[in-house]
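# Notes for the structure review
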Amino acid sequence: MELQSTSLKGIVRSSEDELFYLLPIQKLSSLQELKGHLTCAIDVLSNLEENSPEQRLDAVRTLNSFVAVLSVNDGDHYDAIDTAFEEV
């Protein structure tokens, strides 16, 4: 698969016309840590009755942080996706 730049910083297009966000990850351990945090948040939110309100709030904060990373280059990632699809 070949990736091509788009006019939107942090978003690339594949040779199959799929769009991808680029996440700023500096080392493999950071990617593994991110995966662990997201997996834990999903587990907590999937089993609400088994987790405390503090754990649920931490899970929501984790997911909000992830969305913030996706929005770093584009302000509002929904507007960025709409703009990118207009280019296709």
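Scroll up to find the structure.
Here's a quick rundown of the structure. Note that the coordinates shown come from a computational prediction; the quantities given were computed from them, not determined experimentally. (Residues numbered from 1 in each chain as written. Predicted model: local features only at pLDDT ≥ 70, side-chain atom pairs only at ≥ 80, totals over all residues. Heavy atoms only, no water.)

### Digging into the side chain of Ser14
How we decide: In this description a helix means any DSSP run of H or I spanning at least four residues, a strand means any run of E spanning at least two, and both kinds are numbered starting from the N terminus. What makes two residues a contact is simply this: any of their non-hydrogen atoms within 4.5 Å.
Along the chain, Ser14 falls in strand β2 (residues 11–14). With near-sequence residues (within four places) excluded, Ser14 lies in contact with Met1, Glu2, Leu3 and Phe20.

### A look at the packing of helix α1 (residues 28–46) against helix α2 (residues 53–71)
To keep it simple, the criterion reads: Each axis is a line fitted through C-alpha atoms, and for a helix only the stretch in contact is used; angles between axes span 0 to 180 degrees, taken between their N-to-C directions. Our angle categories are set so that under 35 degrees counts as roughly parallel, over 145 as roughly antiparallel, 65 to 115 as roughly perpendicular, and the remainder as oblique. Note: crossing handedness is left-handed where the near helix turns anticlockwise from the far helix by less than a right angle, and right-handed where it turns clockwise. All residues other than Ala, Val, Leu, Ile, Met, Phe, Trp, Tyr, Cys, Pro, Asp, Glu, Lys and Arg, Gly among them, are scored as polar; the first ten of these are nonpolar and the last four charged.
Running from N to C, α1 and α2 cross one another at 135°; their axes reach a closest spacing of 9 Å. As far as their axial angle goes, α2 and α1 are oblique. By crossing handedness, the relation of α1 to α2 is classed as left-handed. Residues Leu34, His37, Leu38, Ala41, Val44 and Leu45 of α1 form the contact with α2, whose own contacting residues are Gln55, Arg56, Ala59, Val60, Thr62, Leu63 and Phe66. Its residues assigned to classes, the contact of α1 with α2 shows nine nonpolar, three polar and one charged.

### Here's the deal with the pattern of salt bridges
As a reminder, the rule being used: What counts as a salt bridge is simple: a side-chain nitrogen of Lys or Arg found within 4 Å of a carboxyl oxygen of Asp or Glu. Each residue is assigned to one of three classes by its accessible area relative to the maximum for its type, calculated with a 1.4 Å probe on protein chains only: buried under 20%, partly exposed between the two thresholds, exposed over 50%.
A full pass over the atoms with the stated rule returns two salt bridges. The salt bridge involving Asp17 is made with Arg13; its shortest N-O contact spans 3.9 Å. For the salt bridge of Asp58 with Arg61, the shortest nitrogen-to-oxygen distance reads 3.6 Å. Taken as a pair, Asp58 and Arg61 lie in helix α2 at a separation of three residues, close to a single helical turn. A relative accessible area of 43% places Asp58 in the partly exposed class.

### Overview of the side chain of Thr6
What counts is decided by this rule: Each polar contact in these results corresponds to two N or O atoms within 3.5 Å; when the atoms are within protein, one needs to be able to donate a hydrogen and the other to accept it, and residues that are neighboring in sequence are counted only if both atoms are side-chain atoms.
Here Thr6 shows up in the loop between β1 (3–5) and β2. For Thr6, a relative accessible area of 14% corresponds to the buried category. In terms of polar contacts, Thr6 uses its side chain to reach the backbone carbonyl oxygen of Ile11, at 2.8 Å.

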